[in-house]
Amino acid sequence: MRDRHAATLTALFLVPSLAFAAPRLAPSPSSAPPEWTFVGPSMYTRPTSGEVISGRATALWSPPGLTDTIYIGTAGGGVWKTTDAGASWSPIFDSAGPQGIGAVAGDPGNPLVLYVGTGEGNFNDDALPGDGLYKSRDGGASWTHMPLPDMWGPYRGPIRKIAVDPRDPRRL
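A brief structural summary. This one's a predicted model, so the numbers in the text were calculated from it and none came from an experiment.

Turning our attention to the overall build of the protein chain. A count of helices and strands for the protein chain gives one helix and 12 strands. Tracing the protein chain from N to C terminus, the helices and strands come up as α-β-β-β-β-β-β-β-β-β-β-β-β. For the protein chain, buried positions account for 36% of its 172 residues. For the protein chain, long-range pairs separated by at least 24 residues make up 46% of all intrachain contacts whose partners lie at least 6 apart in sequence. With the model as given, the accessible surface of the protein chain reaches about 10400 Å², and the carbon-plus-sulfur share is 58%.

This next bit is on the sheet that holds strand β10 (residues 110-118). One open sheet accounts for four strands, arranged β9-β10-β11-β12; its pairing is antiparallel. Taken across any chain shown, the strands that pair with only one partner, and hence form the sheet edges, are β9 (101-107) and β12 (144-146). Going from strand to strand, the sheet's axes swing by 25° on average, the running direction of each strand aside. Sheet analysis places β9 next to β10, joined by six bridges and oriented antiparallel. Note on β10: the bridge partner recorded for D107 is N110.

A separate point is the pattern of salt bridges. Taken as a whole and judged by the stated rule, the model has three salt bridges. R167 serves as the salt-bridge partner of D165, at 3.7 Å between the closest nitrogen and oxygen. In this structure D165 comes out as buried when scored by relative accessible area, which is 12%.

Below, the discussion takes up the sheet that holds strand β6 (residues 70-74). The strands making up a sheet associate through backbone hydrogen bonding, with each pair oriented either parallel or antiparallel. Taken together, the four strands give an open sheet; going across it, the order is β5-β6-β7-β8, and neighbouring strands pair in antiparallel fashion. Each edge of the sheet is formed by a strand with only one pairing partner; in this case those strands are β5 (57-61) and β8 (90-91).

In this structure, A85 is a non-glycine residue whose phi angle is positive, near 60°. For A85, the position within the fold is in the loop between β7 (79-82) and β8. Classification of A85 by relative accessible area gives buried; the value is 19%.

As a further point, take the nonpolar core. Within the largest apolar cluster, 12 residues are counted, these being A59, W61, Y71, V79, I92, F93, I101, V104, L114, V116, Y134 and W143. At the level of secondary structure, the elements contributing two or more residues to this core comprise β5, β9 and β10. For V79, the contacting residues outside a window of four places in its chain are I72, G73, S90, P91, I92, F93, I101, V104 and V116. One finds A103, Y115, I162 and V164 within the second-largest nonpolar core, a separate group that totals eight residues.

Here is what the cut-offs are and how they apply
Residues numbered from 1 in each chain as written. Predicted model: local features only at pLDDT ≥ 70, side-chain atom pairs only at ≥ 80, totals over all residues. Heavy atoms only, no water. Helix = DSSP H or I, 4+ residues; strand = E, 2+ residues; numbered from the N terminus. Buried < 20%, exposed > 50% of the residue type's maximum accessible area, 1.4 Å probe, protein only. Contact = heavy atoms within 4.5 Å. Areas by Shrake-Rupley, 256 points an atom, 1.4 Å probe, with all protein chains shown as cover. Pairing = 2+ DSSP bridges. Axes fitted to C-alpha atoms, helices over the stretch in contact; angles between N-to-C directions. Salt bridge = Lys/Arg side-chain N within 4 Å of Asp/Glu carboxyl O. Core = buried A, V, L, I, M, F, W, Y, C linked by side-chain atoms within 4.5 Å.

Below is the structure:
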């Protein structure tokens, strides 16, 4: 099961080398299959063990009308952003909070306002804990921690989904 998911998620980060250069180019039936090129987000080194992992994609959000901008939350590698439809990726959450991400969402009326729910939402033995919700008002350049009430001591559970009310984006 894990191998099947790993292959599926790996495909999310691999694109045919001509996909962005020629999006309308249709391969002829006799042509060879496209070459695949890794474009990111790049590998993550686990700080505790030094093990290199890619992390699982756990969340995805793209602001309405900005089809080239995509945010991806990962199980152990934080949040990544692309503004060129995936040709390059940048980490935007490395110094903000826990790197296990369960949800990414944004204000549908303001593409600069983002929310990240920490704590990986997959139930497995190496899932990383979270410490609440984070908000950015500048497209991920800086973050404000919005801790949740202490229910069982410091919050460690995952936030697996964030819904922003389109009529009142201050309401989650």
